[in-house]
Amino acid sequence: MIFVTVGNHFQGFDRLIKKADEIASHTSYAILIQKGYSSYRPQSARYFDFVPIQEAMQYIQASELVISHAGIGTIILCKEYGIPLIIFPRRKKYGEHGTDHQVEIARAIEERKDDHIYIVYEEEQLEAKIAEVLARREKPIPGTNVGRANLIRTIKTFIEDHN
Amino acid sequence: MKKPKKIGLICSAGGHYTEMLQLWETFEGYPKFLLTYREITTKDQQDAYYVENIFRGPLAFIKGIAKTFMILLRERPDILFSTGSEIAAPAFYFGKLLFGTKLIYLECSAQVYQPSLTGRFVYPITDLFLVQWEPLLKKYGPKAKYVGGLL
């Protein structure tokens, strides 16, 4: 399954939903879309608006590939579960977000060259990238998150010092 | 033995909430409560208080702020921790100014080069201020710390 998700942001992301639905109409990929506040209703792909976070986590874990806006939650979860991820950032100029910070996140991740995370900026390139990633059949190993361990330690120390 | 400190955890829905869940084990063993937005993604969580998004309109703004105050009055947390975003602002100011609460703010990992509005707003009163990308340090003052990021 390919899980397409656009998060909780109050603006829609029709550009991604439409493209994913179009891909679903002429390929054999099983595509499930979380469309959030987007107004376009997919014709070929299965879709829903929102689900509780635990359910979304299950969809991510059950996917061969996740395609997402540059939303932090999805990126963190894909890394944790070791699921390949294509990031397609929301753009201010299309009314998809208030700023272009999703492009900044995408660029920062691109520079870091994370395994199994791919960035696509134009929807015309999405289908080719999906084919490329699925053809790799990679089995990513969930990584240990050093940043997370450091944050937990720092916050714990602060709490204990103020006890 | 001193009474363990009570911790209030505050975050919006979406990525801020996922970041909170990633750090949940930090607060295991402490009495705690969660303050978040009422959304499908966040519903039915344990020990949670819900407010409507305060930017959904003037009425939601007033109701959200009043409810935040009532929750702090009832819970009297010793420490507030937030992963953002604007939902933290009223709670942090009430906490600091009225109850002397210690404040910990984690700037969202979505902020790579630019500070968030909420981050800038709560920075002056926050006791432990953490950013998740090193380049962001120079946009804040000397109090900001970078020890790593979730992303």
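Quick notes on the rules
Residues numbered from 1 in each chain as written. Chains lettered and ligands numbered in written order. Predicted model: local features only at pLDDT ≥ 70, side-chain atom pairs only at ≥ 80, totals over all residues. Helix = DSSP H or I, 4+ residues; strand = E, 2+ residues; numbered from the N terminus. Rg over C-alpha atoms; globule rule 2.2 N^0.38 Å. Buried ≥ 20, exposed ≤ 12 C-beta atoms within 10 Å, placed from the backbone. Contact = placed C-beta atoms within 7 Å. Nonpolar A, V, L, I, M, F, W, Y, C, P; charged D, E, K, R; others polar. Pairing = 2+ DSSP bridges. Axes fitted to C-alpha atoms, helices over the stretch in contact; angles between N-to-C directions. Expected span 1.5 Å × (residues − 1). Core = buried A, V, L, I, M, F, W, Y, C linked by C-beta atoms within 7 Å. pLDDT = per-residue confidence, 0-100.

### Overview of the overall build of chain A
Turning to step 1, where the next piece is worked out: Secondary structure summary: chain A contains six helices and six strands in total.
Turning to step 2, where the next piece is worked out: In terms of overall dimensions, chain A is globule-like: its C-alpha atoms have a radius of gyration of 17 Å, near the 15 Å expected for 163 residues.
Turning to step 3, where the next piece is worked out: Along the longest, intermediate and shortest principal axes, the C-alpha atoms of chain A span 60 × 35 × 30 Å.
Turning to step 4, where the next piece is worked out: The buried share of chain A, reckoned over its 163 residues, is 40%.
Turning to step 5, where the next piece is worked out: If you take every contact in chain A between residues at least 6 apart in sequence, the share linking residues at least 24 apart comes to 54%.

### Quick notes on the environment of B:Gln111
Residue and element names in this part refer to chain B.
Turning to step 1, where the next piece is worked out: Here glutamine 111 shows up in the loop between β5 (102–106) and α4 (117–122).
Turning to step 2, where the next piece is worked out: A C-alpha to C-alpha distance of 24 Å links glutamine 111 and valine 51, two positions 60 residues apart in sequence.
Turning to step 3, where the next piece is worked out: In contact with glutamine 111, not counting residues within four places along its chain, are Ser116, Gly119, Trp133 and Leu136.

### Here's the deal with the interface of chain B and chain A
Accessible area lost when the parts come together is the quantity often used to give the size of an interface.
Turning to step 1, where the next piece is worked out: The interface of chain B with chain A comprises 36 residues on the first partner and 31 residues on the second.
Turning to step 2, where the next piece is worked out: Taken together, the elements giving at least two residues each to the side of chain B that touches chain A come down to α1 (15–22), β4 (79–82), β5 and β6 (128–131) of chain B.
Turning to step 3, where the next piece is worked out: The greatest single-element share of the side of chain B that touches chain A, amounting to five residues, is contributed by α1(B).
Turning to step 4, where the next piece is worked out: Among the residues making up the side of chain B that touches chain A, the classes are represented as 17 nonpolar, eleven polar and eight charged.

### Some details on the sheet that holds β6(B)
The strands that make up a sheet pair up through hydrogen bonds in the backbone, lying either parallel or antiparallel.
Residue and element names in this part refer to chain B.
Turning to step 1, where the next piece is worked out: The seven strands lie next to each other as β3-β2-β1-β4-β5-β6-β7, forming an open sheet whose pairing is parallel. The sheet terminates laterally at β3 (48–51) and β7 (144–146), the two strands that pair on one side only. If you compare each strand with its neighbour and ignore which way they point, the axes differ by 20° on average.
Turning to step 2, where the next piece is worked out: Relative to strand β2 (residues 32–37), strand β1 (residues 7–10) is paired through four bridges, and the arrangement is parallel. If you follow isoleucine 7 over to β2, its bridge partner there is lysine 32.
Turning to step 3, where the next piece is worked out: Strands in contact with helix α2 (residues 58–75) are β1, β2 and β3; relative to β3, the strand with the most contacts, it is inclined by about 160°.

### Quick word on helix α3 (residues 88–99) of chain B
Residues and elements named next belong to chain B.
Turning to step 1, where the next piece is worked out: Counted at 1.5 Å a residue, the expected span for α3 with its twelve residues is 16 Å, and the 15 Å between its end C-alpha atoms agrees.
Turning to step 2, where the next piece is worked out: Those residues of α3 not exposed but buried are Ala88, Pro90, Ala91, Phe92 and Gly95.
Turning to step 3, where the next piece is worked out: Buried residues along α3 sit against β1, β2, α2, β4, β5 and α4.
Turning to step 4, where the next piece is worked out: The first or second residue beyond α3 is glycine 100, which carries a positive phi of 65°.

### So, the nonpolar core
Turning to step 1, where the next piece is worked out: Counting 77 residues, the largest nonpolar core has A:Ala20 and A:Ile87 as the members making the most contacts within it.
Turning to step 2, where the next piece is worked out: Excluding residues that lie within four positions of it along the chain, A:Ala20 makes contacts with A:Val4, A:Ile31, A:Ile33, A:Ala45 and A:Ile67.

### Re the environment of B:Phe129
All names here are of chain B.
Turning to step 1, where the next piece is worked out: Following the sequence through the fold, phenylalanine 129 ends up in strand β6.
Turning to step 2, where the next piece is worked out: Distance from phenylalanine 129 to glutamate 28, taken between C-alpha atoms, is 21 Å for residues 101 residues apart in sequence.
Turning to step 3, where the next piece is worked out: The residues touching phenylalanine 129, leaving out its near neighbours within four places in the chain, are Tyr105, Tyr123, Tyr140, Lys143, Ala144 and Lys145.

### Let's talk about the sheet that holds strand β6 (residues 117–119) of chain A
All names here are of chain A.
Turning to step 1, where the next piece is worked out: Spatially, the six strands line up as an open sheet ordered β3-β2-β1-β4-β5-β6, and their pairing is parallel. At either margin of the open sheet sits one strand with a lone partner, and together these are β3 (46–48) and β6. Neighbour to neighbour, the strand axes of the sheet diverge by 20° on average, direction disregarded.
Turning to step 2, where the next piece is worked out: In this structure, strand β1 (residues 2–5) lies alongside strand β2 (residues 31–34), joined through four bridges in parallel fashion. Within the sheet, the bridge partner assigned to isoleucine 2 lies in β2 and is isoleucine 31.
Turning to step 3, where the next piece is worked out: Sitting on the sheet, helix α4 (residues 101–112) is in contact with β5 (85–87) and β6, with an inclination near 125° to β6.

### With respect to the confidence of the model for chain B
Turning to step 1, where the next piece is worked out: Averaged over all residues, the pLDDT of chain B is 94; the fraction at 70 or higher stands at 99%.
Turning to step 2, where the next piece is worked out: Listed scores for the predicted complex are pTM 0.92 and ipTM 0.95.

### Considerations on unusual backbone geometry
Turning to step 1, where the next piece is worked out: A cis amide bond, omega -5°, links B:Gly84 with the succeeding residue B:Ser85.
Turning to step 2, where the next piece is worked out: One can find B:Ser85 in the loop between β4 and α3.
Turning to step 3, where the next piece is worked out: Phi angles above zero are rare outside glycine, and A:His116 is one such case at about 65°.
Turning to step 4, where the next piece is worked out: Checked against the element boundaries, A:His116 lands in the loop between α4 and β6.
Turning to step 5, where the next piece is worked out: Overall, A:His116 belongs to the partly exposed group, with 19 C-beta atoms counted inside 10 Å.
Turning to step 6, where the next piece is worked out: Of note in this structure, B:Asp47 is not a glycine but carries a positive phi near 50°.
Turning to step 7, where the next piece is worked out: Along the chain, B:Asp47 turns up in the loop between β2 and β3.

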